[in-house]
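Residues per chain are reported as follows:
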Amino acid sequence: MAKTFTIDGSNIHDIPSFYEEINRVFMPEEDWKLGESLDALSDMLYGGYGEIEGNQEVHLIWKDFEKNRTDLGGELTRNYYRSKLKYPSAFNARFIKQKLAELEKGTGRTYFEIIQEIIREHKNIKLITPDS
């Protein structure tokens, strides 16, 4: 039997609030919280800590999905990459500039689309978007 989780998209308006919601849903009993990292999000979805146990079947209901598509869309993603360019010793500036150029051409993925891709990579997770 699938375990069901619900993301309340009305709580999400930027990257920090996205992770706050993820922690509320998936990490309520943990004494630590998931940081703002797409890699950490993917790792958590594999299970083993938080509310997902291993490869169990998961139904992930995401309310206000379309609102969050806009909230975590192009403008936010550009700002996300631009903020990383302020720390060239910590991040691959060439890679980030390439991602910015792809966004400007309309071929790049937004932060929201990257999240969707991460969820799709986890075959045990079925994403349900009641408002789309």
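Structural notes, computed from the coordinates. Every value quoted in this text rests on a predicted model; they were computed, and no experiment measured them.

Definitions and cut-offs
- Residues numbered from 1 in each chain as written.
- Predicted model: local features only at pLDDT ≥ 70, side-chain atom pairs only at ≥ 80, totals over all residues.
- Heavy atoms only, no water.
- Phe/Tyr/Trp six-rings, centres within 6.5 Å; stacked < 30°, edge-to-face > 60°.
- Helix = DSSP H or I, 4+ residues; strand = E, 2+ residues; numbered from the N terminus.
- Buried < 20%, exposed > 50% of the residue type's maximum accessible area, 1.4 Å probe, protein only.
- Axes fitted to C-alpha atoms, helices over the stretch in contact; angles between N-to-C directions.
- Parallel < 35°, antiparallel > 145°, perpendicular 65-115°, else oblique.
- Left-handed = near helix turned anticlockwise from the far one by under 90°.
- Contact = heavy atoms within 4.5 Å.
- Nonpolar A, V, L, I, M, F, W, Y, C, P; charged D, E, K, R; others polar.
- Salt bridge = Lys/Arg side-chain N within 4 Å of Asp/Glu carboxyl O.

**Some details on the packing of aromatic side chains**
Link 1 in the chain: Taken as a whole, this structure holds 9 aromatic pairs when the rule is applied.
Link 2 in the chain: On the numbers, 4.8 Å between centres and 40° between planes, the contact of Phe5 with Phe26 is tilted. Within this pair, whereas Phe5 is found in strand 1 (residues 3–8), its partner Phe26 is found in helix 1 (residues 15–26), the two being separated by 21 residues in sequence.
Link 3 in the chain: Exposure remark for Phe5: the relative accessible area of 7% places this residue in the buried category.
Link 4 in the chain: Each member of the aromatic cluster is reached from another via a ring pair, and the members are Phe18, Tyr19, Trp62, Phe65 and Phe112.

**Concerning the packing of helix 2 (residues 38–46) against helix 6 (residues 111–121)**
Between two packed helices, the angle of one axis relative to the other and the distance separating the axes together describe the packing.
Link 1 in the chain: The N-to-C vectors of helix 2 and helix 6 enclose an angle of 25°; their axes lie 10 Å apart at closest approach. Between helix 2 and helix 6, the interaxial angle falls into the category roughly parallel. At the point where helix 2 passes helix 6, the crossing takes the right-handed sense. Along the contact surface, helix 2 presents Leu38, Leu41, Ser42 and Leu45, while helix 6 presents Tyr111, Ile114, Ile115, Ile118, Ile119 and Glu121.
Link 2 in the chain: Across the contact of helix 2 with helix 6, the residue classes tally to 8 nonpolar, 1 polar and 1 charged.

**Section: the pattern of salt bridges**
Link 1 in the chain: If you walk through the whole model with that rule in mind, you get 8 salt bridges.
Link 2 in the chain: As a salt-bridge pair, Lys67 and Asp71 come within 2.4 Å of each other at their nearest N and O atoms. Highlighted residues: Lys67 and Asp71, both in helix 3 (residues 65–71), separated by 4 residues, approximately one helical turn.
Link 3 in the chain: We classify Lys67 as partly exposed; its relative accessible area is 33%.
Link 4 in the chain: Note that Glu102 is salt-bridged to Lys99, the shortest N-O span being 3.5 Å. Of this pair, Glu102 and Lys99 are both found in helix 5 (residues 93–105), 3 residues apart, which corresponds to roughly one turn of the helix.
Link 5 in the chain: Taking the relative accessible area as the measure of exposure, Lys99 reaches 17% and is therefore buried.
Link 6 in the chain: It is possible to trace a salt-bridge network through shared partners that takes in Glu75, Arg78 and Glu104.

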